[in-house]
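Letter by letter, the chains look like this.
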Amino acid sequence: MHELYRTLEIAELGRRAGMTHDSSIFAAVGGDRAGIDDLAALRLAVVDLATGYGFPAESSRDARRDFDLRVAETLHSGMHMVPAEAAAGDVWAFLALVLLPDVAYWRYPRPPGDRVLATDITRHVFGRLWWRAHLVYSGGEVNPYGALGILGEAAFDQIYARRKALGASPHLVKAILRTWADLDLGDLDEREVLRGFLQRLLRLSPFVVFDALDAETLDAELRVVVLETVDAVRADRPASGRIG
Amino acid sequence: MLVVDEEQIPLPSHLPDWDYRTDIRLRRTVQVDVGALRTGAGLPPDAPIALAVVWTATGSGLRSSPCRIPIKAADTESVHLDVRIAGADLGGLLILETVAVLDDRMPAAAPISPRRAGSVLWRERCELRLQGDAPQFPLAIVDFGRTSFPNDAGWHLQISPNLSAATMGAMLLLINERNQAAMSAFKNAAKPRAVDKAVLSTIYMDVARTMVEHALRSEEFSETADYEDETLGATLTALVDQLFPGISIGDLRLRMENAPAHFASEIQAAVKVFGDD
């Protein structure tokens, strides 16, 4: 399907969108099955959202970034899935190839296979966004998805790519985002500091169990690590930036 | 220890009957020699220490700590850990670590001593495999009062007429949560009582009968049909072959049409209803 779909126009993909497929399966046991009405509602919500960002016409990089943030929240809040379900690549392949092929191939024109097949969920057009929303979700907050916008996609991918060590723990991811949001980098290169910060956390992870700390202590420790990173970057590249 | 129905059992290596609606409850007691822990790490007597449980699930890729207990004693302390982990967050291999960590920064600690909050002073790891390799029958618990099925029915097998569809998407056994006997039988399936065995055997027989009759009533179901692996047609072919080896589909169809009551009994015999297993 993917090889064919890569060559089709968005309008044709829209005509091929459906709610069922002969190869679609459900987990043997688990929660309530998503019915046709649920899937139709999800398609409507995502297509509506995409339309607001230029779909089906070509869109700018900024528009696609903003669409990602909004659709992450829509998928996470609207699909009523638990992590055990969202870890199944088949769910995401169904979304990209059957339910929303037009939106998937609009978001990533002529994509490599993993963007739609979910052979790697951390790269899937929709799956990566559900997980991004899940990792930052704070149920007690007025805006539970508020942290979604703290890091840009490329920056967040730096955390998510280190999935096992850093991106597996919502507790740690949220603390990283809080620490980052409180930081004033001045004129330092954001990507360079973030990369250095995450590398330091990665190096510490065999000896330090961040998940065993409460949020306040964790934040204080991460603050020290990020300031060490800033000092190291500044030592390499003397600059006049101010640290917040 | 694993806690099942308030009964504690030693942690097994795997839970083949687990599914993600089942939370994991674990208990253990750890005797912590706090003094030795601090001395061994070169920490001062007032160094804050906490004991925590951290789990990682390979199936979901998630990690979390459901329990952390600061240790206040100066010498030894017995710490009871009691954790419940939501099954919805789990899958695959569950890696459980019990860790003792430095619970705050100690910037003034000796150069060879841990200084960072979260530094590991002691850790112990064990594993629990949560899913078996055996195929599971697609199953859901529903309240028949909210469906078109009779409120007092025990179960219903939904099965698609499309024999080319994937089995796991084309078939679903619904259990009525209002029916206590059926609910108890499935709840106790890992350790069934005599009554549960009888109920499960009856349901198994009825599901087999429904599937066989569904296949035989389908005009496209035949020996010459070429169903792809894991389709409903392939599953039904395998079931009919298993229950009635060497008998043609045409013969079976005639038996069902001409002597339906006798054919139903043949299916009971083929599945060994109320047999030992």
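1. Some points on the sheet that holds strand β11 (residues 171–176) of chain B
Residues and elements named next belong to chain B.
Alright, step 1. Across the sheet, which stays open at both edges, the three strands sit in the order β9-β11-β10 with mixed pairing between neighbours. On the outer flanks of this sheet lie β9 (139–142) and β10 (155–159), each paired with one strand and no other. In this sheet, neighbouring strand axes are inclined to one another by 25 degrees on average, regardless of whether the strands run parallel or antiparallel.
Alright, step 2. Bridging between β10 and β11 involves five bridges; their strand directions are antiparallel. Bridge pairing links Ile-159 to Met-171 in β11.
Alright, step 3. Packed onto the sheet, helix α3 (residues 180–187) meets β9 and β11 and runs at close to 115 degrees relative to β11.
Alright, step 4. Taken strand by strand, helix α4 (residues 194–217) contacts β10 and β11, and its axis lies near 30 degrees from that of β10.

2. Comments concerning the state of the cysteines
All names here are of chain B.
Alright, step 1. Per the counting criterion, the structure on display carries zero disulfides over all chains.
Alright, step 2. Free of any disulfide, Cys-67 has its nearest neighbouring cysteine sulfur in Cys-126, separated by 14 Å.
Alright, step 3. Of the residues examined, Cys-67 reaches a relative accessible area of 10% and is grouped as buried.

3. Examining the domain arrangement of chain A
Residues and elements named next belong to chain A.
Alright, step 1. Domains assigned within chain A are domain 1 (1–148) and domain 2 (150–244).
Alright, step 2. Centre-to-centre, using C-alpha coordinates, domain 1 lies 29 Å away from domain 2.
Alright, step 3. Contacts between the two partners involve 13 residues from domain 1, matched on the other side by 14 residues from domain 2.
Alright, step 4. Looking only at domain 1, the three residues that lose the most surface to domain 2 are Thr-122, Arg-132 and Leu-135, adding up to 50% of its buried area.
Alright, step 5. Taken together, the connections running from domain 1 to domain 2 amount to zero salt bridges.
Alright, step 6. If you look at where domain 1 meets domain 2, you find four residue pairs in polar contact (both at pLDDT 80 or more).
Alright, step 7. Of the residues that constitute the side of domain 1 that touches domain 2, the class distribution is seven nonpolar, two polar and four charged.

4. Observations regarding the nonpolar core
Alright, step 1. With 113 residues, the main nonpolar core has Trp-92, Leu-95, Val-103 and Phe-126 of chain A together with Ile-24 of chain B as its most contacted residues.
Alright, step 2. Each residue touching Ile-24 of chain B, except ones within four places of it in the same chain, is listed here: Leu-2, Leu-15, Trp-18, Val-83, Arg-84, Ile-85, Leu-90, Leu-94, Leu-128 and Leu-130 of chain B.
Alright, step 3. Core analysis: the next-biggest nonpolar cluster, separate from the first, contains 34 residues, Leu-157, Ile-159, Ala-182 and Ala-215 of chain B among them.

5. Quick word on the interface of chain A and chain B
Alright, step 1. Counting from both sides, the interface comprises 41 residues of chain A and, opposite them, 40 residues of chain B.
Alright, step 2. Between chain A and chain B, the buried area comes to about 3100 Å², and carbon and sulfur atoms account for 54% of it.
Alright, step 3. Here chain A and chain B share four salt bridges between them.
Alright, step 4. A salt bridge links Arg-116 of chain B to Glu-228 of chain A; the nearest nitrogen and oxygen atoms lie 2.9 Å apart.
Alright, step 5. At the boundary of chain A with chain B, the tally comes to 12 residue pairs in polar contact (both at pLDDT 80 or more).

6. Considering the pattern of salt bridges
Alright, step 1. Considering all chains together, one arrives at 27 salt bridges over all chains under this definition.
Alright, step 2. Residue Asp-82 of chain B is joined to Arg-27 of chain B by a salt bridge in which the shortest nitrogen-to-oxygen separation is 3.1 Å. One end of the pair, Asp-82 of chain B, is in strand β6 (residues 76–85); the other, Arg-27 of chain B, is in strand β3 (residues 24–33), and 55 residues separate them in sequence.
Alright, step 3. Residues joined in a network through salt bridges with shared partners are Arg-200, Glu-221 and Glu-228 of chain A together with Arg-105 and Arg-116 of chain B.

7. Points about the sheet that holds strand β4 (residues 49–57) of chain B
All names here are of chain B.
Alright, step 1. Ordered in space as β5-β4-β7-β8, the four strands form an open sheet in which the pairing is antiparallel. With one partner strand each, in any of the chains shown, β5 (62–71) and β8 (120–129) form the two edges of the open sheet. Strand-to-strand twist of the sheet, defined as the mean angle between neighbouring strand axes without regard to direction, takes the value 15 degrees.
Alright, step 2. Inspection of the sheet shows β4 paired to strand β7 (residues 93–102) by nine bridges, in the antiparallel sense. When the sheet's bridge partners are listed, Ala-57 is paired in β7 with Leu-94.

8. Some thoughts on the packing of aromatic side chains
We describe a pair of aromatic rings using the distance from one ring centre to the other and the angle between the two ring planes.
Residues and elements named next belong to chain A.
Alright, step 1. In this structure the tally under the stated criterion is nine aromatic pairs over all chains.
Alright, step 2. A centroid spacing of 6.0 Å and a plane angle of 75 degrees characterise the contact between Tyr-5 and Tyr-105, whose relative ring orientation is edge-to-face. Taken together, the residues Tyr-5 in helix α1 (residues 2–5) and Tyr-105 in helix α7 (residues 101–107) connect sequence positions 100 residues apart. Considered together, Tyr-5 and Tyr-105 belong to a single accessibility category, that of buried residues.
Alright, step 3. Seen in terms of ring centroids, Tyr-137 and Tyr-145 are 5.1 Å apart; in terms of plane orientation they differ by 55 degrees. Their pairing is tilted.
Alright, step 4. Cluster of aromatic residues (ring-pair linked, three or more members): Tyr-53, Phe-55, Phe-67 and Trp-106.
Alright, step 5. Its guanidinium or amino end placed over the ring of Tyr-108, Arg-107 lies 4.3 Å from that ring's centre, counting from NZ or CZ.
Alright, step 6. In this arrangement the basic side chain of Arg-115 is found over the ring face of Tyr-108, its NZ or CZ atom lying 4.2 Å from the centre.

9. Topic: the domain arrangement of chain B
Alright, step 1. Per the domain assignment, the segments making up chain B are domain 1 (2–129) and domain 2 (139–270).
Alright, step 2. Domain 1 of chain B and domain 2 of chain B are separated by 45 Å when their C-alpha centres are compared.

The rules behind each value
- Residues numbered from 1 in each chain as written.
- Chains lettered and ligands numbered in written order.
- Predicted model: local features only at pLDDT ≥ 70, side-chain atom pairs only at ≥ 80, totals over all residues.
- Heavy atoms only, no water.
- Pairing = 2+ DSSP bridges.
- Helix = DSSP H or I, 4+ residues; strand = E, 2+ residues; numbered from the N terminus.
- Axes fitted to C-alpha atoms, helices over the stretch in contact; angles between N-to-C directions.
- Contact = heavy atoms within 4.5 Å.
- Disulfide = S-S within 2.5 Å.
- Buried < 20%, exposed > 50% of the residue type's maximum accessible area, 1.4 Å probe, protein only.
- Domains from an automatic or database assignment.
- Buried area = accessible area lost by both parts, 1.4 Å probe.
- Salt bridge = Lys/Arg side-chain N within 4 Å of Asp/Glu carboxyl O.
- Polar contact = N/O pair within 3.5 Å; in protein donor to acceptor, adjacent residues only side chain to side chain.
- Nonpolar A, V, L, I, M, F, W, Y, C, P; charged D, E, K, R; others polar.
- Core = buried A, V, L, I, M, F, W, Y, C linked by side-chain atoms within 4.5 Å.
- Phe/Tyr/Trp six-rings, centres within 6.5 Å; stacked < 30°, edge-to-face > 60°.
- Lys NZ or Arg CZ within 6 Å of the ring centre and 35° of its normal.

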